[in-house]
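Residue-level structure breakdown
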Amino acid sequence: MEHPKKRPHLSFPVKASMCIMGTGQLLQKQWVKGLLYLACFAAYIIYLAVMGVEDMIGFFTLGTVKGDEWLGIEGDDSIMMLLRGLLAFVITIFFIGIHKSNINDVRESDRKIKAGVALPGFKRACEIFFDKKFYIAALAVPVLGVMIFNILPIVFMILIAFTNYGGDIVPPELVDWIGFDNFKKILALSEIKDTFFKILGWNIAWAVISTLVNYFGGLGLALLLNKKCVRKKAFWRAFPILAYAVPGFITLLGFKFMFSYGGPINYYITLHGGSAIGFLDIDAGMKAKIIGVLVNAWISVPTSMLLATGILSNINHDLYDAASIDGASKWKQFIKITLPFVVFSTTPTLITSFVNNFNNFGIFYFLRGGLYNKGYFLASDTDLLINWLYNLSIDNNYYGIGAAISLIIFLITSTFSMITYVRSNAYKKEDTYR
Amino acid sequence: MKKKKFWNSSRIDSLFTHIVLIAVCSVFAFPVLWLVMASFSKSGSIYDIEGFFPDTLSLASYKNLFLDTAMYDYPNWLKNTLFVAVFSSLIGTVLVILTAYTISRFEFKSRKLLMKSTLVLSMFPSFMGMTAVYLIMVNFNLINQLWSLILIYVAGAPMGYLVQKGYFDTISSTIYEAARVDGATNFKVFTKITLPLSKPIIVYTALTQFAWPWSDFILPNMLLKNKNLWTVAVGLTHLDETQFTRFAAGSVFIAVPIVVLYFALSKFLVAGVSDGAVKG
């Protein structure tokens, strides 16, 4: 008996294509296809020879020659080398993919020749591919886009977190791999450590408070609008939708003006003999935090109201009828039927909303951007981690530490995201509906 | 039988409900009204408006907005915003529709993997990779270009394909199969059958793809350092208290189309929001 796992006999064209891409196709008289594969192969070899290998080595060394304008030495640009090294690896992965498709193609043709089927011409083969593998043609551009602008930046950011890039060390200085030093700095170096833990504490408090306020605010509003005595629901609902529709940055800047020294609130305070209050000043402390929570509620309650409205309309009304017959009070019905149902069906939302609030960049950037408090390293007392990250990396060029912080944020939020992912059945349900 | 009291409990309940509703709705309406009224104020500074609302109304702020452009070139900002939003919307819609249709319609090996990874990726806040995008853009000299902005918006667009996929899932597959039996290619099926059937979802996609760049601030602020390239969102943040009514007028002008759009789409809103709950 033949061994079931015995490899199929490799014909000469297949072997040829394994060594040099495209030669197998040429042997099978698939001229255009063969030449294209051959051209790909040549292009990759030339790329490797001219810059690819150098780029890959550069990825590890991050440059050896320091530039000096006075001596006219053009030094290595470490970040560019990191990026180009990354690119070289990506290109190599692509090449391996093309190489695989090349071998599959030769095998397929081989089988057809043995079966005595005529091979299609190049144009026809393209048409067949475009039709049979339509999903590849359709998804190529979207997937490429997401890879370049979503996945690559994340990988790049992770790499930067392990370098000393930033601060004084920007080109022409040479950047180096430093392992976990950035994380050690964040958790040990006094100035940065203090700031980190202060901001982390406030960030968690902020996320919990604002999530609860927004959630119950929205639920309350939805319940109110859901009452039988409220007629013209569409009219009442228009107001929160209005708030929802105004672009966020306009809302935030508008509120900043409202609470500013010249704003209407301070106008009335001074009119009645008080002195103007700097609601959002550097020393505002608690006032600024409370305003932040309220403004955030103004922006987010409409969203959770819409969500809760959708969920409330799915409650089975027989439950209420049954409860009424049993003599349960309105309050009891709310506690025993409505609340469990709503909370149960919005748990994933609650977690997503927590993550979004945890990373709510806009609120304090617009209300109090650019302020640095005493006792904080390049941050203010209302800044969240994400604002601190922005201050560090975009405004002050502390890229390495900034990237390390974004990895920490990533770890915290991805934990929550994973919980959502596991718990939300939207994904699991997907195929039962089809 | 005792006559029913006028103030029975359900009436009191109703009165109370409406008082709360009026209060809440005023909270939502008041800041908007304040900004709209301020945009019709006569003078430019916030210090000149006594209290919340101006005494006399005029169109001076709007006139300034479009004619006094030496310092703050609003028409130019508007042009840039429009350029970015229109092209992002056009290209983004094509990619989103194509992605959603393909994932809904075809069974292929990496389909599950794609769906899983987009779901996990989209759960991470979009700001995460932003500094890296910035560094990459700086190093490849793509900063200060409107096209690079469009590129980023468009590249990220297919991640939000779930609403559209839900729509395509509802189209029965028998109609496709019939066409396939008749010998139509997959491309033909897409252009001749799917697209005509999905006009509402295309309109919805185009509008949402338009609304995002229209009101985004973070990305343009990061990538556009050149004053001539500012979008409205970036420009408006550079206005201080003395230019308050210019800010108000500029905000109202850019917010009106979006607000109208949202109300026109309000029936999609609940579906969109509950989907957003899943994808974050």
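The structure presented is a predicted model; accordingly, all values stated were derived computationally and were not measured. (Residues numbered from 1 in each chain as written. Chains lettered and ligands numbered in written order. Predicted model: local features only at pLDDT ≥ 70, side-chain atom pairs only at ≥ 80, totals over all residues.)

**Notes on the overall build of chain A**
Secondary structure summary: chain A contains 18 helices and zero strands in total. The C-alpha radius of gyration of chain A comes to 31 Å, more than 25% above the 22 Å expected for a compact globule of 434 residues. Oriented by its inertia axes, the alpha-carbon framework of chain A measures out at about 90 × 75 × 40 Å. Burial statistics for chain A: of 434 residues in total, 37% are counted as buried. Counting only contacts in chain A whose residues sit at least 6 apart along the sequence, the fraction spanning at least 24 positions is 63%. (Helix = DSSP H or I, 4+ residues; strand = E, 2+ residues; numbered from the N terminus. Rg over C-alpha atoms; globule rule 2.2 N^0.38 Å. Buried ≥ 20, exposed ≤ 12 C-beta atoms within 10 Å, placed from the backbone. Contact = placed C-beta atoms within 7 Å.)

**A word on the interface of chain B and chain A**
Residue-level contacts link 73 residues of chain B with 77 residues of chain A. For the side of chain B that touches chain A, the element with the most residues is helix α1 (residues 9-39) of chain B, which contributes 12 residues. Partitioned by chemical class, the residues of the side of chain B that touches chain A number 52 nonpolar, 17 polar and four charged. (Nonpolar A, V, L, I, M, F, W, Y, C, P; charged D, E, K, R; others polar.)

**A short note on helix α4 (residues 78-115) of chain A**
The terminal C-alpha atoms of α4 of chain A, which comprises 38 residues, lie 56 Å apart, in line with the 56 Å expected from a rise of 1.5 Å per residue. Turning to α4 of chain A, its buried residues are S78, I79, M81, L82, L83, G85, A88, N102, D105, V106 and S109 of chain A. The elements touched by buried residues of α4 of chain A are α1 (12-19), α2 (23-27), α3 (31-61) and α6 (134-160) of chain A together with α5 (130-139) of chain B. The positive-phi residue at the C-terminal boundary of α4 of chain A is G116 of chain A, with phi of around 80°. (Expected span 1.5 Å × (residues − 1).)

**A closer look at unusual backbone geometry**
In this structure, K232 of chain A is a non-glycine residue whose phi angle is positive, near 55°. Note on placement: K232 of chain A falls in the loop between α8 (190-226) and α9 (233-245). C-beta crowding within 10 Å serves as the criterion here: with 8 such atoms nearby, K232 of chain A is assigned to the exposed category. A positive phi angle, near 60°, is found at N144 of chain B, a position not held by glycine. Its place among the elements puts N144 of chain B in the loop between α5 and α6 (146-156). N144 of chain B sits in the partly exposed class, given 15 other C-beta atoms within 10 Å.

**Focus on the domain arrangement of chain A**
Residue and element names in this part refer to chain A. Each domain of chain A was delimited in the assignment, giving domain 1 (14-179) and domain 2 (184-428). The C-alpha centroid of domain 2 is placed 43 Å from the C-alpha centroid of domain 1. Listed as interface residues are 10 residues of domain 1 and, on the opposing side, 10 residues of domain 2. Looking at the side of domain 1 that touches domain 2 residue by residue, the classes come out as six nonpolar, four polar and no charged. (Domains from an automatic or database assignment.)

**What to know about the environment of A255 of chain B**
Position of A255 of chain B relative to the elements: it lies in helix α13 (residues 244-264). You can call A255 of chain B buried: it has 22 C-beta atoms within 10 Å. Apart from residues no more than four positions distant in its own chain, A255 of chain B is found in contact with V246, P247 and I250 of chain A.

**With respect to the nonpolar core**
By size, the foremost hydrophobic cluster in this structure holds 141 residues, and its most contacted members are L252, L253, L367, L385, L389 and I405 of chain A. Sort the elements by how many residues they give to this core and helix α3 (residues 74-105) of chain B lands first, with 11 residues. Per-domain counts for this core show at least three residues from each of domain 1 (14-179) and domain 2 (184-428) of chain A. The residues contacting L385 of chain A, other than those within four sequence positions of it, are I199, L200, N203, I405 and I409 of chain A. (Core = buried A, V, L, I, M, F, W, Y, C linked by C-beta atoms within 7 Å.)

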